[in-house]
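Reading the structure
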Amino acid sequence: MTGSGACAMREPAAALTGACPHLYGVYGIALHSEIPLALPGPEPGELARIELRTAPAPFFSDAIQGVPLEQLSGSWYEFGRLPDRSSYARWTGVGEFLVSGDGRQVVCRQFDVATTESFHVYLLGQALSFALVKSGFEPLHATVVVIDGEGVAFLGESRFGKSSLAASFLEAGYKMLTDDLLMLQATTSRVLAYPGPPRIKLFPKTARRFLSDAAAGIRMNPDTEKLILPLDPKRSCSVPVPMKAVYSLAGPREVFRKQAVRSEPLSPRRAFLELIKNTFNHRILDADRLERQLHQTARLVGLMPVRKLSFPRVWNQLPSVREAIISDLGRQALKAAACGD
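Below is a summary of the structure that appears in this document. (Residues numbered from 1 in each chain as written. Predicted model: local features only at pLDDT ≥ 70, side-chain atom pairs only at ≥ 80, totals over all residues. Heavy atoms only, no water.)

Details of unusual backbone geometry
You will see that Asp148, though not glycine, has its phi angle at about 55°, which is positive. Using a relative accessible area of 74% as the deciding quantity, one classes Asp148 as exposed. Not every positive phi belongs to a glycine, and Asp180 is a case in point at roughly 100°. Note on placement: Asp180 falls in strand β11 (residues 175-186). Taking relative accessible area as the criterion, Asp180 reaches 18% and is therefore assigned buried. (Buried < 20%, exposed > 50% of the residue type's maximum accessible area, 1.4 Å probe, protein only. Helix = DSSP H or I, 4+ residues; strand = E, 2+ residues; numbered from the N terminus.)

This is the structure:
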């Protein structure tokens with residue numbers, strides 16, 4: 001970046017200081033926003049405060065002048081690292097975002113072709129993950145349902161079935177805590193999981209099967225059939241809950257179609273690797289972040305059980321997988337109680 005480009009970044013950012021009319025709570029943080037969002041108000045004791053600002057196209061073009069942008073082959077996602085430690089991210093057809101070096105401010109612009117729902121998904125997931133990491137947190141790529149007042153998380157890459165499995169729990173009357181991005185906070189003796197936006201992303205067939213309201217969904221982006229479906233208070237949890245267990249999902253290619261559901265405990269080493277592998281943000285790689293990530297992950301492994309879950313990817317068998325998980329949780333609770341005695 002040239003010297004004039006760096007100044008262009010700082011001057012517009014300094015000018016974005018007007019009042020934010022909206023205040024929301026998500027992932028345990030207080031979000032002061034210029035734009036309305038489908039989020040509840042903040043809970044007492046927020047972990048951090050982040051400002052959400054908007055800016056016109058020239059703000060972003062000036063900010064990234066001379067900055068090389070990274071793009072994976074065939075990807076519609078671009079990313080840039082600015083000299084002042086700010087991060088720029090852009091999704092074609094959705095929007096562009098600039099996150100300050102300290103994570104306290106996210107500046108965004110929605111593209112004209114994007115739906116509001118799609119833009120908010122990328123804003124409150126991908127873009128906000130940069131601010132969370134820069135603020136000292138380590139979000140995971142996970143979906144969480146609430147069972148008996150405790151969180152049960154499903155880890156895994158995209159298309160591993162996290163959301164579909166969670167939808168089968170929603171069908172049975174359980175609530176969703178978060179879909180895709182998970183914020184955890186370790187205390188002295190337990191781990192708290194914080195609620196995300198009250199929505200779930202599902203393919204139409206799965207939405208019709210488990211929620212019966214696929215028609216209410218909006219496509220996540222033009223290149224996928226996956227839908228964004230809002231969840232009412234009967235299906236979503238808006239307060240933090242203690243974590244009960246984490247299930248790392250075996251990949252679809254690791255299991256056979258007729259294989260029985262299998263759950264096995266992971267050693268601390270394997271559990272550590274699974275959590276590291278499923279970090280939500282792989283782009284921030286400075287030494288301070290990596291050291292903190294290793295420390296925080298080691299602490300999490302010592303406070304909550306992590307298990308490997310293998311099950312066939314046959315969507316109409318998901319209710320059976322759900323019942324197997326509930327039974328597995330019951331067995332682990334009995335075993336823990338017996339060890340406590």
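Description of helix α3 (residues 116-134)
For α3, which comprises 19 residues, the first-to-last C-alpha distance of 26 Å matches the rise-based estimate of 27 Å (1.5 Å per residue) to within 8%. When the local axis directions of α3 are compared, the greatest deviation, roughly 45°, occurs at Leu128. Counting buried positions along α3 gives 16 out of 19 residues, so the element sits mostly inside the fold. In the stretch just after α3, Gly136 is the one whose phi turns positive, near 100°. (Expected span 1.5 Å × (residues − 1). Bend = angle between axes of the 7 residues up to and from the residue.)

What to know about the sheet that holds strand β15 (residues 227-230)
Read from one edge of the open sheet, three strands run β13-β15-β14, paired in antiparallel fashion. Each end of this open sheet is capped by a strand with a single partner; those strands are β13 (199-202) and β14 (218-219). In this structure, β13 lies alongside β15, joined through four bridges in antiparallel fashion. Residue pairing in the sheet places Leu202 in a bridge with Leu227 of β15. (Pairing = 2+ DSSP bridges.)

Focus: the pattern of salt bridges
Tallied over the full model, the rule gives 23 salt bridges. We note a salt bridge from Glu34 to Arg53, for which the minimum N-O separation is 3.3 Å. Separated by 19 residues along the polypeptide, Glu34 in the loop between β2 (29-33) and β3 (49-54) and Arg53 in strand β3 bring together distant segments of the chain. We classify Glu34 as partly exposed; its relative accessible area is 26%. The partner of Arg109 in a salt bridge is Glu96, with the nearest N and O atoms 2.8 Å apart. (Salt bridge = Lys/Arg side-chain N within 4 Å of Asp/Glu carboxyl O.)

Some thoughts on the side chain of Arg53
Taking the relative accessible area as the measure of exposure, Arg53 reaches 2% and is therefore buried. Here the side chain of Arg53 touches Glu34 through a polar contact of 3.3 Å, side chain to side chain. (Polar contact = N/O pair within 3.5 Å; in protein donor to acceptor, adjacent residues only side chain to side chain.)

Thoughts on the packing of aromatic side chains
Considering all chains together, one arrives at ten aromatic pairs under this definition. Between Phe154 and Phe169 the ring centres are 5.9 Å apart and the planes differ by 40°, which places this aromatic pair in the tilted class. Pair noted here: Phe154 is in strand β10 (residues 150-155) and Phe169 is in helix α4 (residues 162-171), with a separation of 15 residues, a long-range link. For the pair formed by Phe154 and Phe169, the shared burial category is buried. An aromatic cluster of at least three residues, connected via ring pairs, comprises Trp76, Tyr77, Trp91, Phe97, Phe119 and Tyr122. Above the face of the Phe311 ring, Arg313 is positioned so that its terminal group lies 4.1 Å from the ring centre. (Phe/Tyr/Trp six-rings, centres within 6.5 Å; stacked < 30°, edge-to-face > 60°. Lys NZ or Arg CZ within 6 Å of the ring centre and 35° of its normal.)

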